[in-house]
Amino acid sequence: MRHKLKENRHICTIEQTRISQAENRTLPRHVKILRALQKLRLASDQHPSTEKHLKSSYQIIKENERLQQCFPAFIIHPFSLLRLYSDVVVFIVMNLHLMLLPFAFSFLAFETRPTRHLVEYIDLSLCVILVVEFALTFCTGFVVLETNEIVLNPRKIFFNRLRPFRLMYDLLLFFPYILLLEVFDELIVEAGAEASLVFVSFLYLCNIARFRDSNRYFSVIPRSLDISQSKMRIVEVIMNTLYVLHWTTCLGYIIPVLLKVDSSARTSDEEELLAAMHLPQPNVSAALEKVANPFVRVRLTDLDTSTAYRYLRSMMITLRVGLASSEKKDIEEHYVYHWIMWLVMFLGWLWFNYVPVVLCRFFDSPEMATDQYDKFMANLKAFVYNKRLSATLERKLRNNFATRFRTRYFDEEMIMGLFPSNLRSSIRMETCRHLVASVDLFKNLPYFILTDIVNCLQLEVYLRDDVIIAAGSYGDSMYFLAAGTVAVYAMNGKELGHLTDGAYFGEISLIRRNQQRTANVVALEACEIYRLSHEDFQNVVKPHAYLLNRIRKQAEQRLAMMKRKKDKMYGKKFFEAFLQ
């Protein structure tokens, strides 16, 4: 639905639609802008999750009617364009915020005030955007994953966001920690190593788990670009690796400094280091002549190098320690050093062994529906290449498969074959009974007859501009429109109307085989249609002569009624003529 090209879109010629479009063009500019802004909060077929939960334009329209008629104007649909744009913005802002925080406290704590102020202003701006996003979630509906229910009730949304643990978790994200950067250098000296170590550990723990939220916002971007699920997961693993590495790099740089500023056991070399770190332009050469401690000499040398160099050197050391390829020796024999290095080595070993396992699972996970879907798409691509099919036909094949399975591949025949016939009938009845029960010819039929009819239905997928019924052809089937929109054209090309979810057409063909069609039916979007053939219907009903006679009588009455309206071919009521 979301890949329609503007120049290929259906231009409706129905008079009412044309009048409505003309009226919209004459509206004042400010009214058009207001309507465009209001439209941002409605469900849109451009949101990547819409196709999974709302299969057709009709369902999108009904969902928007429910939103506009039943709920306040400030409620935003979770599949709206506003939600799509905000997710992309929040993904960028959240990652900038979470990458900037550790870098600022580790490498900018002793920088000059103008540099720190610039970083503080940037991070505070990011926090403001995250606050706006937090407020926006109280106005945004949500999907219950267990039932796929779309909740738009303001009260339910409010209490869903107000759960204590979740509320505290969200508040910790945009708390302005960066303001502590102003006093962090003094805090290190006055509060002592323990308090500073507790603070940076808290900062690490309350933000390191945020990559899960980052992945959630990130998932919108590749799905909007139609990137496969397996590729998206690989990118997520790479992002998470860089995220964890960045935080650990920053901690690996600042923690040794914190452990060396204990006022009760500070040596003259460490006093020299602290004094130099607080100077705008320290004389590093003179200070190096006075100290012998290797750790202090390394940190003094850092003061004469760029921040980027210090960051990259710390990242290199962290990688080496994480891979257990070397040992970091700049804190000497401090007891905290041993625990930190053991933890970094263990986590590094765990993470860098976890990544290959995850990547292998991506390439060989037959139990996962999304991976099976991607595998089939890869096979389809190879098939198209081998058969030298055109790009247009390849696109139609891919769209047909995507419409039928919607990113979740499953073997229907295999699954249905696992169950006894009574359960198979129950599945089909729950899926299609509402389609069959709405047909006039089938009303008041016994339940067992409806069950047999439903068991005869065959699912077919039609893409945009596919001709479902051609005028002048001879009918042999009836069609049930499960999801999608079709247009009905008279034989002279005049558009008579549209049909949407739940509609049916061609039922006369069940009684009179080879009845000539009087209208064209063309798909306006991807449609899921169930077809009931003349032979299957006759096989079901023929043993029950009284039912067949009743249905045939109803069909004859319907044909007679349509013949009387033949002179009103272009009238609204003759729209039923296409049913033949």
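What counts, and where the lines are drawn
Residues numbered from 1 in each chain as written. Predicted model: local features only at pLDDT ≥ 70, side-chain atom pairs only at ≥ 80, totals over all residues. Heavy atoms only, no water. Phe/Tyr/Trp six-rings, centres within 6.5 Å; stacked < 30°, edge-to-face > 60°. Buried < 20%, exposed > 50% of the residue type's maximum accessible area, 1.4 Å probe, protein only. Lys NZ or Arg CZ within 6 Å of the ring centre and 35° of its normal. Axes fitted to C-alpha atoms, helices over the stretch in contact; angles between N-to-C directions. Helix = DSSP H or I, 4+ residues; strand = E, 2+ residues; numbered from the N terminus. Left-handed = near helix turned anticlockwise from the far one by under 90°. Contact = heavy atoms within 4.5 Å. Nonpolar A, V, L, I, M, F, W, Y, C, P; charged D, E, K, R; others polar. Salt bridge = Lys/Arg side-chain N within 4 Å of Asp/Glu carboxyl O. Pairing = 2+ DSSP bridges. Arc of directions from axis to C-beta. Polar contact = N/O pair within 3.5 Å; in protein donor to acceptor, adjacent residues only side chain to side chain. Core = buried A, V, L, I, M, F, W, Y, C linked by side-chain atoms within 4.5 Å. Domains from an automatic or database assignment. pLDDT = per-residue confidence, 0-100. UniProt positions renumbered as here; feature names shortened; annotations may be inferred. Expected span 1.5 Å × (residues − 1). Patch = residues over 30% accessible without salt bridge, like charges linked within 9 Å, V, L, I, M, F, W, Y side chains within 5 Å. Areas by Shrake-Rupley, 256 points an atom, 1.4 Å probe, with all protein chains shown as cover.

Here we take up the packing of aromatic side chains. Across all of its chains, the model carries 13 aromatic pairs by this definition. Relative to phenylalanine 138, the ring of phenylalanine 134 lies with its centre 5.2 Å away and its plane at 80°, an arrangement referred to as edge-to-face. The pair phenylalanine 134 / phenylalanine 138 is uniform in exposure class, with both members buried. Chaining the aromatic ring pairs together yields one cluster made of Phe134, Phe138, Phe158, Phe159 and Phe174. The ring centre of tyrosine 385 lies 4.9 Å from the NZ or CZ of arginine 388, which sits over that ring.

Turning our attention to the packing of helix H5 (residues 81-107) against helix H11 (residues 211-218). Packed helices, taken two at a time, are described by their axes: the angle between them and the distance between them. In contact at an axis separation of 8 Å, H5 and H11 are set at 145° when each is read in the N-to-C sense. As H5 packs across H11, the resulting crossing turns out to be left-handed. Residues Arg83, Asp87, Val90, Phe91, Met94 and Asn95 of H5 form the contact with H11, whose own contacting residues are Asp213, Ser214, Tyr217 and Phe218. Classifying every residue of the contact of H5 with H11 gives five nonpolar, two polar and three charged.

The next subject is the pattern of salt bridges. On inspection of all chains with the given rule, the structure shows eight salt bridges. Between arginine 216 and aspartate 213 there is a salt bridge whose closest N-O contact spans 3.8 Å. Of this pair, arginine 216 and aspartate 213 both sit in helix H11, separated by three residues, roughly a single helical turn. Given the relative accessible area of 46%, arginine 216 is considered partly exposed. Through salt bridges with shared partners, one network takes in Arg83, Asp87 and Glu133.

Here the focus is the sheet that holds strand E7 (residues 486-490). Whether parallel or antiparallel, the strands of a sheet pair through hydrogen bonds between backbone atoms. Sheet architecture is open: four strands sit in the order E4-E11-E7-E8, paired in antiparallel fashion. Looking at the sheet topology across the chains shown, the edges are occupied by strand E4 (467-469) and strand E8 (495-499). In this sheet, adjacent strand axes meet at a mean angle of 30° when their direction is disregarded.

Turning next to the pairing of strand E6 (residues 477-483). In terms of burial, E6 is largely enclosed, as seven of its seven residues are buried. Pairing of E6 with strand E12 (residues 527-533) involves six bridges; the strand directions are antiparallel. The residue of E12 that forms the bridge with alanine 483 is glutamate 528. Here E6 pairs with strand E9 (residues 504-505) via two bridges, running antiparallel. Looking across to E9, one finds that tyrosine 479 is bridged to phenylalanine 505.

Every buried residue belonging to helix H7 (residues 154-161) is among Ile157, Asn160 and Arg161, and all of these are buried. Buried positions in H7, seen along its axis, are confined to an arc of 90° and lie on one side of it. In this fold, the buried residues of H7 make contact with helix H6 (113-137), strand E1 (142-144), strand E2 (149-151) and helix H8 (164-173). Residue asparagine 153 occupies the N-cap position of H7, its side-chain oxygen lying 2.9 Å from the main-chain nitrogen of arginine 155.

With respect to the helices, strands and loops of the structure, alanine 523 is situated in strand E11 (residues 519-523). Here the alpha-carbon distance between alanine 523 and isoleucine 468, two residues 55 residues apart in the chain, equals 7.0 Å.

In a soluble, globular protein the nonpolar side chains are often hidden away together inside. Met94, Phe105, Leu130, Phe184 and Val200 are the most contacted members of the largest nonpolar core, which totals 39 residues. Secondary-structure elements contributing two or more residues to this core are H5, H6, helix H9 (181-191), helix H10 (193-208), H11 and helix H13 (229-259). With nine residues, H5 is the largest single contributor of residues to this core. Each of domain 1 (38-226) and domain 2 (242-260 + 282-364) accounts for three or more of the residues forming this core. Discounting chain neighbours no more than four positions away, the residues touching phenylalanine 105 are Tyr177, Ile178, Leu180, Leu181, Phe184, Phe199, Leu203 and Ile254. If you look at the next biggest cluster of nonpolar residues, it comprises 30 residues, including Ile453, Leu510, Ile551 and Ala555.

Our next topic: the confidence of the model for the protein. Of all residues in the protein, 74% have pLDDT values of 70 or greater, and the mean over the chain is 77. Confidence drops under pLDDT 50 across residues 1-8; counting only partners more than four residues distant or on other chains, this segment forms 22 contacts.

Turning to the UniProt feature "transmembrane region" (unreviewed entry) in the protein, a few remarks are in order. Feature annotation in UniProt assigns "transmembrane region" (unreviewed entry) to the following positions: residues 88-110, 122-145, 165-181, 187-206 and 335-352. Structurally, residues 122-145 comprises 67% helix and 12% strand, and the distance from its first C-alpha atom to its last is 36 Å. Helix makes up 59% of residues 165-181 and strand 0%, and the two end C-alpha atoms of the span are 27 Å apart.

Below, the discussion takes up the sheet that holds E9. What the four strands build is an open sheet, ordered E3-E12-E6-E9; its pairing is antiparallel. With one partner strand each, in any of the chains shown, strand E3 (458-462) and E9 form the two edges of the open sheet. Helix H24 (residues 534-541) contacts E3, E6 and E12 of the sheet and is inclined by roughly 55° relative to E12.

The next thing to look at is H5. In a regular helix each residue adds 1.5 Å, so 27 residues correspond to 39 Å; H5 covers 39 Å between its end C-alpha atoms and thus fits that length. The element H5 is extensively covered by neighbouring structure, given that 19 of its 27 residues are classed as buried.

On the surface, a cluster of nonpolar side chains totalling about 600 Å² of accessible area is made up of Phe410, Met414, Ile415, Leu418, Phe419, Leu423 and Ile427. Mapped onto the fold, leucine 418 is located in the loop between helix H21 (412-417) and helix H22 (421-437).

Negative phi is the rule for most residues except glycine; trans is the rule for most peptide bonds. In this model, arginine 388 sits at a positive phi of 55°, which is unusual for a non-glycine residue. If you trace the backbone, arginine 388 turns up in the loop between helix H19 (369-387) and helix H20 (391-405). Looking at arginine 388, the relative accessible area reads 62%, which means it is exposed. The backbone of aspartate 465 sits at a positive phi, close to 75°, despite the residue not being glycine. Positionally, aspartate 465 belongs in the loop between E3 and E4.

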